Amino acid sequence: MAQGTLTRTQMSEVELPVPGRRRSVWQEFARNRLAIIGLVIFILLVGGAVAAPVLTSYDPNAVTYKFLARPSREHWLGTDDVGRDVLSRLIYASRISVTIGVSVSLITICLGTLVGAIAGYYGGRLDAFICAAVNLLLSIPLIPLAMVLGAFLKTNLQFIIMILGLLSWPGIARIIRAEFLSLKEREFALAARVVGASDWRIILRHILPNTVGPMIVAATLGVASAILAESALSYLGYGIQPPTASWGNMLINAQRFFRTYPALAIYPGALISLTVVSINFIGDGLRDALDPRLRTQG
Amino acid sequence: MRNYLVRQLLQAIPTLLAVSVVIFAIIHLAPGGPMAAYAMSPNVDQAELDRIAIRLGLNDPLPVQYVKWLKSMITGDWGLSYKFGRPVFEVLRSRIMNSIQLALASLVIAGAISIPFGIFSALYRNRLVQYLSNTVAMLGVSIPTFWLGLVILLYLSVKMRLVPTGGMMTIGKGGPWDRLHHIIAPASVLATLYIAAWSRFVRSSMLEVIGQDYITTARGKGLAERAVIVRHALKNALLPFITLVGLQGGGLIGGAMITEVVFAWPGMGRMLAESLTNRDYPVLMAAFMMMSVLVILGNLVADILYAVVDPRIKLE
């Protein structure tokens, strides 16, 4: 084998760019099998959540006389300790998780991007102040803080979304700030300033569109971490309160009734894991699809 | 070098102060106020409540209360627990040590598994290994800790009786083997998340380092592959890893709380949860403060370690 050439096996590993044809982001994403699987699962889950009333034949809070029944024709996954149909509760709980996940992620992205953009663009004392605030929030562990806030304020859906959103923005703010710090020195930004564009215009129309890649990835992964945080809070008792079904609070009683119906401890957690895994696959796929492309666009 | 350390310390102090303000403010959001525990008892009449308020200094303006509380925190007089009546410091002292034990154990487990795993998946580039390691890492990050702990507890402990159901030691026994027996399940559960996250990180760090020129030089010198990896690549690949460990310490403290609750491990996190239920605000504030201190300390240690290990930082 002549030196400098690749063996056949090595060639099969190297992804040679197809000359003359650039793949779109979607095409790049579609080549990632895991990401597509994740997307399909997630779409099914969201579909199930939206179509919950159609899919379930029982009210998730309706109490029957069959306690801890095993799976049967009437109750496909059995019933829980007060006789509610497990399957219906699981599907309605998915609504809560999806709602909280998406809402929290949206709030986090909006708040975090705004703060990060201002800090990165203006620099100076404003940046120092914002960095101090970010450090402060990152020094207090998330779940204990959310727990205490949930205990002292209310624990309805809106408050949980607010609390989690207000505690999660520092992460994305850091990323956006770093992007802005490097992007604002690029030629296109300097050119816009020379032309006399206002600060806002530069931020919104010039720099921000270039940060869309990391933003999308962070938004996707933010949904996953929001779902995990909400389920942990609900399990600890400071999230969604029973009788409203949430995957987290469905696990609260699982320990006590393990002997009678052990599978009760499996279903909610398995669904949480499935949801989060699928979202993580999507996020990973997005990250791979968006990253190298954006670097060449600069 | 010393300037760097001093600078880091000076940055940590205002953060600590700010954290204390936030914690103090949040506690005073509590419904019923700091006196809630006393006010709940039907035997306590209003005159008694007023006297307690004066004794605890609750009629002073808030900033004054804050300064007093801060001073007492620093001097070590953390007040009396509402529930136990004992000094908060006493109540928390053993708990903090237990939490640190658990955290260290899981750090050790996580490091011991993720570093070899990451190196392995960096070096063996065949499809199957990559696929497996990617999927396993994904799963580890996605499975909620409390559920994993619950399932392990229920199956390994209740069903198979391999591991104790909780707590730190068996009554009447004790000693290192017993402690090991009790710590292995919670520490492993806590470590799972970090094994998954760190092995990916070690892998990508390793890949980056292997692509560097000095590795090619080392190979060109004729060093055995193993020497190349261990003596040259590994050290440099592990540098950012240290910072990562320090930075993720914050999550470790929070995650440890959940694991402690599931496995009934008598640690600081569980104490915080219990004190919240009991409205035991002195303990709550102190535990919260301690957690944040540990997080900030972790970041500091990571910064220092990084400076020690990477000579380039010392020159800044």
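The rules we used
- Residues numbered from 1 in each chain as written.
- Chains lettered and ligands numbered in written order.
- Predicted model: local features only at pLDDT ≥ 70, side-chain atom pairs only at ≥ 80, totals over all residues.
- Contact = placed C-beta atoms within 7 Å.
- Helix = DSSP H or I, 4+ residues; strand = E, 2+ residues; numbered from the N terminus.
- Nonpolar A, V, L, I, M, F, W, Y, C, P; charged D, E, K, R; others polar.
- pLDDT = per-residue confidence, 0-100.
- Expected span 1.5 Å × (residues − 1).
- Buried ≥ 20, exposed ≤ 12 C-beta atoms within 10 Å, placed from the backbone.
- Axes fitted to C-alpha atoms, helices over the stretch in contact; angles between N-to-C directions.
- Parallel < 35°, antiparallel > 145°, perpendicular 65-115°, else oblique.

## Regarding the interface of chain A and chain B
Much of the literature gives interface size as the accessible area that the parts lose upon coming together.
Item 1. The partner chain B presents 34 residues to the 32 residues of chain A that form the contact.
Item 2. Elements with a minimum of two residues in the side of chain A that touches chain B: α6 (124-139), α7 (142-152), α11 (212-236) and α12 (267-297) of chain A.
Item 3. Taken together, the residues of the side of chain A that touches chain B sort by class into 25 nonpolar, seven polar and no charged.

## Observations concerning the confidence of the model for chain B
Item 1. Looking at chain B as a whole, its pLDDT mean stands at 81, while 94% of the residues score no less than 70.
Item 2. Predicted complex, confidence summary: ipTM 0.85, pTM 0.86.

## Structural notes on α6(A)
Item 1. Spanning 16 residues, α6(A) covers 23 Å between terminal C-alpha atoms, matching the ideal 22 Å at 1.5 Å per step.
Item 2. All buried positions along α6(A) are accounted for by A:Ile130, A:Val134, A:Leu136, A:Leu137, A:Leu138 and A:Ser139.
Item 3. Packed against the buried residues of α6(A) are α5 (86-122) and α8 (157-183) of chain A together with α1 (2-27), α11 (249-263) and α13 (281-309) of chain B.

## What to know about α11(A)
Residues and elements named next belong to chain A.
Item 1. In a regular helix each residue adds 1.5 Å, so 25 residues correspond to 36 Å; α11 covers 35 Å between its end C-alpha atoms and thus fits that length.
Item 2. With respect to burial, α11 is a largely interior element, 22 of its 25 residues being buried.
Item 3. The first or second residue beyond α11 is glycine 237, which carries a positive phi of 100 degrees.

## Here we look at unusual backbone geometry
Item 1. Cis geometry marks the peptide bond from A:Pro242 to A:Pro243; its omega dihedral reads 5 degrees.
Item 2. Inspection of the secondary structure puts A:Pro243 in the loop between α11 and α12.
Item 3. Its identity is not glycine, yet B:Ala264 carries a phi of approximately 55 degrees, on the positive side.
Item 4. Turning to its location among the elements, B:Ala264 is positioned in the loop between α11 and α12 (268-278).

## Observations concerning the packing of helix α10 (residues 225-247) of chain B against α13(B)
Residues and elements named next belong to chain B.
Item 1. Where α10 meets α13, the closest approach of the two axes is 7 Å, and the angle between their N-to-C directions is 170 degrees. Judged on the interaxial angle alone, α13 and α10 are roughly antiparallel. Across the interface between the two elements, Leu239, Ile242, Thr243, Val245, Gly246 and Leu247 from α10 touch Gly298, Asn299, Val301, Ala302, Leu305, Tyr306 and Val309 from α13.
Item 2. Taken together, the residues that form the contact of α10 with α13 break down as nine nonpolar, four polar and no charged.

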